[in-house]
Amino acid sequence: MAWAATSPADKERFICIYPAYLNNKKTIAEGRRIPMDKAIENPTSTEIQDVCAAVGLNVLVEKNKLYPREWNRDVQYRGRVRVQLKLEDGNPCLPQFPTRKSVMLYAAETIPKLKTRTQKTGGSDQNLQPGEGGKKGKGKKKK
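Let us look at the structure shown here. (Residues numbered from 1 in each chain as written. Predicted model: local features only at pLDDT ≥ 70, side-chain atom pairs only at ≥ 80, totals over all residues. Heavy atoms only, no water.)

Quick look at the nonpolar core
The cut-off we apply is this: Only buried residues count toward a nonpolar core, which is a set of Ala, Val, Leu, Ile, Met, Phe, Trp, Tyr and Cys residues joined through side-chain atoms within 4.5 Å. The rule is simple: take the accessible area with a 1.4 Å probe, protein chains only, and divide by the maximum for that residue type; under 20% is buried, over 50% is exposed, in between is partly exposed. Labels follow the DSSP assignment, with helices taken as runs of H or I lasting at least four residues and strands as runs of E lasting at least two, numbered in each case from the N terminus. Pairs of residues are marked as contacts when any of their non-hydrogen atoms sit within 4.5 Å.
If you look at the biggest cluster of nonpolar residues, it comprises 26 residues, and the most contacted ones within it are Ile17, Leu22, Cys52, Leu57 and Ile111. Of all the secondary structure elements, the ones that give two or more residues to this core are β1 (15–17), α1 (45–55), β3 (80–83) and α2 (100–110). The element best represented in this core is α2, accounting for four residues. Non-local contacts of isoleucine 17, meaning those with residues more than four positions away in its chain, are made with Ile48, Arg80, Val81, Val83, Val103 and Met104.

Considerations on the packing of α1 against α2
What counts here: Geometry is summarised by axes, namely lines fitted to C-alpha atoms with helices restricted to the contacting stretch, and by angles between N-to-C directions that run from 0 to 180 degrees. Roughly parallel covers angles under 35 degrees, roughly antiparallel covers those over 145, roughly perpendicular covers 65 to 115, and oblique covers all other angles. Three classes are used: nonpolar for Ala, Val, Leu, Ile, Met, Phe, Trp, Tyr, Cys and Pro, charged for Asp, Glu, Lys and Arg, and polar for all others, with Gly counted as polar.
For the pair α1 and α2, the least separation of the axes is 9 Å and the interaxial angle reads 110 degrees. The orientation of α1 relative to α2 falls into the category roughly perpendicular. On α2, the residues that touch Val51, Cys52 and Val55 of α1 are Val103, Tyr106, Ala107 and Thr110. Taken together, the residues of the contact of α1 with α2 sort by class into six nonpolar, one polar and no charged.

Description of α2
For α2, every residue scored as buried is listed here: Ser102, Val103, Met104, Ala107, Ala108 and Thr110. Residues of α2 that are buried make contact with β1 and α1.

Focus on the packing of aromatic side chains
Test applied: Note on aromatic contacts: the rings of Phe and Tyr and the six-membered ring of Trp form a pair at centre separations within 6.5 Å, being stacked when their planes are under 30 degrees apart, edge-to-face when over 60 apart, and tilted otherwise. Note on criteria: charge over ring means Lys NZ or Arg CZ within 6 Å of the ring centre, with the direction from the centre no more than 35 degrees off the ring normal.
Per the counting criterion, the structure on display carries four aromatic pairs. A ring pair is formed by tyrosine 18 and tyrosine 21, whose centres lie 5.7 Å apart and whose planes are at 75 degrees; its orientation type is edge-to-face. Tyrosine 21 shares its class with tyrosine 18; the two are buried. Ring geometry for tyrosine 18 against tyrosine 67: centres 4.9 Å apart, planes inclined by 50 degrees, an arrangement best described as tilted. Placement of the pair is tyrosine 18 in the loop between β1 and α1 and tyrosine 67 in the loop between β2 (59–62) and β3, with a sequence separation of 49 residues. Taken individually, tyrosine 18 and tyrosine 67 each receive the classification buried, so the pair is uniform in this respect. Ring-pair connections join several aromatic residues into one group, and the members of that group are Tyr18, Tyr21 and Tyr67. Lying across the ring of tyrosine 21, arginine 33 places its NZ or CZ 4.1 Å from the centre.

Printed below as a string of structure tokens:
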């Protein structure tokens, strides 16, 4: 029991949150850890860091880490967030976050309210005109 000798305030003892834990595109087998109705679409490690730091949790981001079950190696899916859950004496840092699941649910609830998320969803298809663009497929010639 090597972990018993280390204090909960050590950086190695911070909980890990991968974006896959909160992703509604993933199944439980692929790594989602919260209910589908509370999960969000493609969260990033920086978004998780932003909401956790804003509420007052001690946060570290490890950009080059990749979730082991993640088959896609894109930069978008990289990153791991470490959050300090407990103080030196073993009590929670913040009383509203006693468990790792409470931190994940809070992050999934708050990320859609971020400015970066609300600006992306607003009218991004302005340049597309109906019936414009695209190459017509080849068909049989009429005789």
